[in-house]
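# Inside the fold
Chain by chain, the residues run as shown.
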Amino acid sequence: MAKVIVNAVVNGEPVEFFCEPRQSLLEVIRDVLLLTGTKEGCNDGNCGACNVILDGVLVDSCCVLGVEAQGKTVETIEGLAGTDGDLHPLQRTFLDLTGLQCGICTPGFIVSAKALLESNPNPSEHEIRLGLSGNLCRCTGYDKIVLAVQEAGKMLTEAKR
Amino acid sequence: MIDFDYAVPTSLSEAVSLMGSNGGSARMLAGGTDLLIMMRAGRRLAKLVVDAKSVPELNELSLTDSGLNLGAATSCKRIWDDEPVVQAYPALNDSASIIGSVQIQGRASVGGNLCNAAPSADCTPTLIVHSGVCTIAGPNGTRQVPVEEFCTGPGTNVLQPGELLVNIKLPSAPTNSGAHYLRFTPRNEMDIAVAGSAAFVQLDESKQNFASARISLAAVAPTPLFAKAAGDLLVGKPVNEESIQQAAEAAKAVAKPITDMRGTVDQRIHLVGVLTARALRKAVERAREA
Amino acid sequence: MSTTIERSSQYKVIGKDVLRPDGVDKVTGRAVFADDVHLNGMLHAKVLRSPHAHAKIRSIDVSEALKMPGVRAVVTSEDFPPIPEGIVKEEGAAFFALASDKVLFRGHAVAAVAADSPHVADEALSKIKVEYEVLKAVLDPREAMEPGAPVLHEKLNPMSFGARLEQHSPNALQQITSMGDIEQGFREADVVVEREFTTKTVHQGYIEPQSCVVDTAPDGSVTIWSTCQGPFRHRDNTADLLQLPQNKVKVIPTEIGGGFGGKEVPYLEPMAAILSRKTGRPVKITMSRSDVFEGTGPACASYMRVKFGAKKTGELVAAHLYFCFEAGAFPGAPVGGAVGIGLGRYKIPNQLVEGFDVVVNKPRTQPYRAPGATQIHFATEGVVDELCEKIGMDPIEFRLKNVVQEGDRNVQGVPFLRIGGVEVLEAIKNSDHYKTPLEGPNRGRGVALGFWRNGGGMSSCSISVHPDGTVSIIEGSPDLSGTRTGIGMQAAETLGIPFEDVRITVVDTDSVGYTMGSWGSRTSFATGWAAIEAARDVNLKMVERASSIWSVPPEEVEVSDGTFYHRDDGSKKFTFKQLAARLNATGGPVVGSSVVDPTRGVGPAFAANVVDLEVDPETGKVTILRYTVAQDVGQALHPGMVEGQLEGGTVQGIGWALNEEYFFDNDGQMRNSSFLDYRMPVALDVPMIDTIIIEVPNPGHPYGVRGVGENNIITPPAAIAAAIHNAIGVRMTDLPMSPGYVLQALWQQNGH
Ligand SMILES: Cc1cc2nc3c(=O)[nH]c(=O)nc-3n(C[C@H](O)[C@H](O)[C@H](O)COP(=O)(O)OP(=O)(O)OC[C@H]3O[C@@H](n4cnc5c(N)ncnc54)[C@H](O)[C@@H]3O)c2cc1C
Ligand code: FES
Ligand code: FES
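Note that the coordinates shown come from a computational prediction; the quantities given were computed from them, not determined experimentally. (Residues numbered from 1 in each chain as written. Chains lettered and ligands numbered in written order. Predicted model: local features only at pLDDT ≥ 70, side-chain atom pairs only at ≥ 80, totals over all residues. Heavy atoms only, no water.)

For the rest of this paragraph, the subject is the overall build of chain B. Secondary structure summary: chain B contains 11 helices and 14 strands in total. Against the globule reference of 19 Å for 290 residues, chain B gives a C-alpha radius of gyration of 19 Å, in line with a compact fold. Dimensions of chain B, computed from C-alpha atoms along their principal axes, come out at roughly 55 × 45 × 35 Å. Evaluated residue by residue, chain B yields a buried proportion of 60% over its 290 residues. Within chain B, contacts between residues at least 6 apart in sequence are counted, and of these 61% link residues at least 24 apart. Per element, the accessible surface of chain B, about 10400 Å² overall, is 53% carbon and sulfur. On chain B, the mean spot of the 26 positive side-chain charges and the mean spot of the 28 negative ones are 5 Å from each other. (Helix = DSSP H or I, 4+ residues; strand = E, 2+ residues; numbered from the N terminus. Rg over C-alpha atoms; globule rule 2.2 N^0.38 Å. Buried < 20%, exposed > 50% of the residue type's maximum accessible area, 1.4 Å probe, protein only. Contact = heavy atoms within 4.5 Å. Areas by Shrake-Rupley, 256 points an atom, 1.4 Å probe, with all protein chains shown as cover. Lys, Arg positive; Asp, Glu negative; His and termini not counted. Charge placed at Lys NZ, Arg CZ, Asp CG, Glu CD.)

This is the structure we're talking about:
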């Protein structure tokens, strides 16, 4: 099928793009919108490296078609830091607590953790491990990722007070 | 992936007519967590992909006196986000909250799980033990099929070309009843059942005897399996370990698994016994709490 | 998680958790990995792979594929110049030039298509017609060593990891070493244990698939952006295969999303270079996950037979280790290394080690974090655990009695310098974990000791001093886990300046001298050493400059902690920044550089584990309850990152122990080539890993650094097997100890 026009709001900005129906949202984000912070690790829903938030719902963007973004909002890792360059608390704690090694899984984990903390601001270790089980990390063994998410949860809760 | 057209119908009639077009090579897209992966691997082909998510009937999730109306495209996440539904059908929540991961559950639908017709589907046994009935719409109108008759083989179901699944209706749970689904996987999350078992029990007023029971199994036959005999033999039996073990043995007797990368025949038959006993115990516990 | 460090740090920069320089880019999505490179006019290519484990290629017809709209070029082995003898063959790199006469494993690359989009390239693959004559395949190493087995190669290249092996049979090479008289040794033993063990093929499981973008200029020069552990090996192999001078191939290592040994060789770059030459456009190839599983190099499967003899009092007296490593389609399993370290942790006077490198019709294996050691330790530590049980001795006491120490000789007869075997064992013995009794049914505790030689080798580095006193460092070691931070810290320490004044960049093969790849636990050690030497060169040149500014002989100028001063005249003094500001006007900038090859200073290291677990007797599933790892790291450069290495390696080891395996069918097809069915641990599968960092400084390195990256994966399977035995009384001799296997073992025990 010919390419279709899709209108969406990506990281707060309205965007219009062309895509083939067979292109996944991940391909569109990376190859059409050139937002390469979202990664591909498996292309079949098993690693979470491609995580974005679609209309408020955490998804594996490799399991979504680009055309499905029509009329929706998409949040990617690039949308997390404040416009003035201030890091999001999760980005801060991943850095400070060595929550990354190679860093390929990191954008996915941070986006996924953001969704987790939005629904559960003060998760237990078990809840974090369960909530992040759709994200694979082969480098860290998860310890420091869990700690970083816990700490960011605390920072976010404090900030709200 | 092979090229295809994409359409977003906004009414059931439009969806039905789109599904009937293209010489039967149209496919419904709900969450896409099976469809897109399979199309990418060349294991499913479609000239037209019809998005189910804007058809109101396919996206209903309503709890009434007569039971649950579960639109086919309703995502797992919508189920576990819906406290009254979770309260009324905890076993449905058991299933919906173990499919893949949170990310997958944000998209994956119960209807897609059923239509995909994998023997290992985690929702289907639960729908079966709850006596779910499918509403199917097609060029010749609508028809009803009990869930246990819906799947016909690995990856195949009763839908004729042009037909689609509208919803699954679960009758309301009777008093003193409880249900549970569990599966066995080597990992704690992100895994496919080596075997799974759903149990529904209704106890008598004393809550000491089984009034009725339904048991259904995952990943041990070409389709999700309704182990009718295993449930039936509990009727009138006292609630105790002996009855539970008898039902578990009866479930083992109907399991016809294969050996593959996820498990062996012996292991799976053994697990059917273990899981069915565990499912029954938990279902009884829920029935007694109810 | 909870960490104890036993140390006394005398350093200003080293040993602090500084902020990694690449960190912000990695948490914001700015960091550029290979697949993130987009060039104008770039095409996308996909690779056609063999559906057969062993077959002759009769013909390849690409004409239909070329007719497809959007298809720009196809490459097959015919497009490559004849493969030269020498290094390419020696390293088994010939197959990166695509299969020519035979395919040797399912997944062997046969052709590649470049097209306007990856979807078009993918579709075009199905239009390429390859006629195969299917041959009988051999999939088991023991069968491959039998007379009459299908033969893969006319000739086997005898090099394995720098060691030369002997031909054993058409499909096998061997290496044998011995010491003492093992028959006599076993006669002296009071207790002898002998067992067979097997392990399956496992994958490194890096999350980023192999990927590259290659641009061939009209003059034939090739620029490669690649996710690679060793840009210089990529360059050399590509230049050899394309028969180009090495200065016409430039490899730009991008950020790399994990490697663990799997990204040491150029699977894609040579074919991409030809596609780019044919089309005049840059070409990107990124593997799919199933390509990664089937077309790259996993870690070798193994068959092992181990016999150990000990005295009642606990001294080991004899050991016989026989092992076959399944190399895959080309030789090169880590036999030499495993022979070297297989028994290296214990003093065993009489020993015989026989190692075999066996080719079978499966993917050509590659190193995976301490190549060969995890397999060997699973077997040998398993036998040690059984000896302890038979003798009735505490497993840590037994190991303390036998572990090698400073002055003991290694297999090559060279005495060890200071090493930390005793220290890691004592650390486990004194840990809260080991001292806390484990209670409850079906629960068990296991310990194991691991030993790894670590690596050295060539590295280069240069440092430019800027007028404001900051410096830029360039080096050539791709940073898989934060190594550039530790390397920069060593330079900052040597220069006596704050880490914040250092900018460190991993650069391409044109910009820095030869540097071996990031493998073998060598990066922080050897490239770190290069950074130290480059910093010393800077110091030397700055001392000279100060002496000329002060008109005093250079011998009278000294430097310490970033201050340059005259030996006797207190008024003559520059801080690093003050002197830096004077450089341009007093003779020009200072650039320090170095090339090092520190093979002799390499410090071997130990790790010890204690694990508690519970077995579900109804399902066979093992749940890890508590895990403690103690590792001798020499000197922790960045403690946070060091802990990360220990935790990550341990969890990889847990995955290997419990669930990970290639599931091959009888035709040699991998049935589980996705992350769904190749079951690596997810966050919910593991507990926090307690780490005890032991610092026994390596006397061979200026800052006492030993490699840290590999040792931690070696012990978990052995420790877990011991704990399962402790829990349910069954000896597990095969990996993975998956639920199905544990269940079967339980059934056997109960006479099921
Ligand atoms: C990483 C991962 C993990 C997974 N883990 C699990 C798991 O643990 N347990 C499990 O059971 N499954 C699992 N799955 C499979 C899948 O997520 C589930 O089967 C899911 O419920 C499918 O729903 P969907 O809405 O995504 O279906 P889709 O992919 O949209 O559709 C599935 C199939 O049903 C058809 N279809 C969908 N809706 C209709 C309709 N209304 N009428 C007619 N046909 C229709 C589609 O054409 C397609 O053939 C996993 C998948 C992935 C990618
Ligand atoms: S790339 Fe989407 S889940 Fe792995
Ligand atoms: S940091 Fe490398 S995969 Fe997570």
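The next thing to look at is the pairing of strand β19 (residues 350-359) of chain C. When a strand is regular, its side chains alternate between the sheet's two faces. All names here are of chain C. Of all 10 residues in β19, 10 are buried, a share of seventy percent or more. Along β19, one buried face is formed by N350, L352, E354, F356 and V358 and the opposite face, lined by Q351, V353, G355, D357 and V359, is buried too. As for the winding sense of the linkage, the β-α-β connection from strand β18 (residues 316-328) through helix α10 (residues 335-341) to β19 is right-handed. (Right-handed = clockwise from strand over helix to strand, strands pointing away.)

Most peptide bonds are trans, and most residues other than glycine sit at a negative phi. Residue and element names in this part refer to chain C. The omega torsion across L735 and P736 is -5°, close enough to zero to call that bond cis. Examined against the element boundaries, P736 turns out to sit in the loop between α19 (716-728) and α20 (739-749). Phi angles above zero are rare outside glycine, and R369 is one such case at about 35°. For R369, the position within the fold is in the loop between β19 and α11 (373-391). Residue class for R369 comes out buried when judged on its relative accessible area of 5%. At D561, a position not held by glycine, the phi torsion is positive, near 50°. Summarising the element assignment, D561 is placed in the loop between β24 (557-560) and β25 (563-566).

Further remarks concern the interface of chain C and chain B. Each side of the interface is counted separately: chain C has 24 residues, and chain B has 20 residues. Ranking the residues of chain C by area buried against chain B places E618, K621 and R679 of chain C at the top, with a combined share of 25%. Run the count over chain C and chain B and you get 4 salt bridges. A salt bridge links R262 of chain B to D677 of chain C; the nearest nitrogen and oxygen atoms lie 2.8 Å apart. Between chain C and chain B we count 14 residue pairs in polar contact (both at pLDDT 80 or more) in total. (Buried area = accessible area lost by both parts, 1.4 Å probe. Salt bridge = Lys/Arg side-chain N within 4 Å of Asp/Glu carboxyl O. Polar contact = N/O pair within 3.5 Å; in protein donor to acceptor, adjacent residues only side chain to side chain.)

All names here are of chain A. Across the sheet, 5 strands lie side by side as β2-β1-β5-β3-β4; this open sheet has mixed pairing. On the outer flanks of this sheet lie β2 (13-19) and β4 (57-60), each paired with one strand and no other. The average angle at which neighbouring strand axes cross in this sheet is 40°, direction not considered. One ladder, built from 2 bridges, connects strand β1 (residues 4-10) with strand β5 (residues 73-75); its direction is parallel. Along β5, the bridge assignment pairs V10 with V74. Across the face of the sheet, helix α3 (residues 106-119) comes into contact with β3 (51-54), β4 and β5 while running at roughly 35° to β3. (Pairing = 2+ DSSP bridges. Axes fitted to C-alpha atoms, helices over the stretch in contact; angles between N-to-C directions.)

This part covers the pattern of salt bridges. Residue and element names in this part refer to chain C. Under the definition given, this model contains 69 salt bridges over all chains. Between D568 and R567 there is a salt bridge, with its nearest N and O atoms 3.9 Å apart. By relative accessible area, D568 is classed as exposed at 60%. Accessibility expressed as a relative area gives 44% for R567, which makes it partly exposed. Bridged by salt links that share partners, the residues R20, D22, K26, E255, D479 and R484 form one connected network.

This part is about the domain arrangement of chain A. Residues and elements named next belong to chain A. Here the domain parsing of chain A yields domain 1 (4-79) and domain 2 (89-160). Placing the centre of domain 1 and that of domain 2 at their C-alpha centroids yields a distance of 21 Å. Taken residue by residue, the interface counts 13 residues in domain 1 and 12 residues in domain 2. Taking both sides of the interface into account, the surface hidden between domain 1 and domain 2 amounts to around 1000 Å²; carbon and sulfur atoms contribute 63%. For the pair domain 1 and domain 2, the interface holds 1 salt bridge. Across the pair K114 and E75 runs a salt bridge whose closest N-O atoms are separated by 2.6 Å. Seen at the junction of domain 1 and domain 2, the total is 5 residue pairs in polar contact (both at pLDDT 80 or more). Looking at the side of domain 1 that touches domain 2, its residues break down into 6 nonpolar, 5 polar and 2 charged. (Domains from an automatic or database assignment. Nonpolar A, V, L, I, M, F, W, Y, C, P; charged D, E, K, R; others polar.)

Right, let's talk about the site of ligand 1 for a bit. Residues in close proximity to ligand 1 total 35 residues, the closest being M28, T33, D34, S109 and D122 of chain B. Mapping the residues adjacent to ligand 1 onto the chains of the assembly identifies chains A and B. Contacts to ligand 1 include M28 of chain B, whose backbone N or O atom sits 2.6 Å from an oxygen atom. A total of 970 Å² of accessible area belongs to ligand 1 in isolation, and the protein chains cover 96% of it. (Near = heavy atom within 4 Å.)

Attention now moves to the sheet that holds strand β22 (residues 471-475) of chain C. Within a beta sheet, neighbouring strands are joined by backbone hydrogen bonds and run either parallel or antiparallel to one another. All names here are of chain C. Taken in spatial order, the 4 strands line up as β23-β22-β21-β27 in an open sheet, and their pairing is mixed. Every interior strand has two partners, whereas the edge strands, β23 (502-506) and β27 (591-596), have only one. Across the sheet, the mean angle separating the axes of adjacent strands is 15° when strand polarity is ignored. One ladder, built from 5 bridges, connects strand β21 (residues 459-465) with β22; its direction is antiparallel.

Bringing the interface of chain A and chain C into the picture now. On the chain C side, the residues contacting the 48 residues of chain A number 57 residues. For the pairing of chain A and chain C, the buried interface totals around 4300 Å² over both sides, and the portion due to carbon and sulfur atoms is 59%. Summed over the shared surface of chain A and chain C, the result is 7 salt bridges. A salt bridge links E123 of chain C to R22 of chain A, with the shortest nitrogen-to-oxygen separation between them at 2.8 Å. Where chain A touches chain C, the interface holds 24 residue pairs in polar contact (both at pLDDT 80 or more). Taken together, the elements giving at least two residues each to the side of chain A that touches chain C come down to α1 (25-32), α2 (89-96), α3, α4 (125-131) and α5 (143-160) of chain A.

Take the pairing of strand β16 (residues 283-286) of chain C next. Residues and elements named next belong to chain C. The side-chain alternation of β16 yields two buried faces, one formed by V283 and I285 and the other by K284 and T286. Pairing geometry for strand β2 (residues 43-49) and β16, over 3 bridges, is parallel. Residue pairing in the sheet places L43 in a bridge with V283 of β16. Bridge count for strand β13 (residues 211-216) against β16 is 4 bridges, and the pairing is antiparallel. The residue bridging S211 from the neighbouring strand is T286, located in β16.

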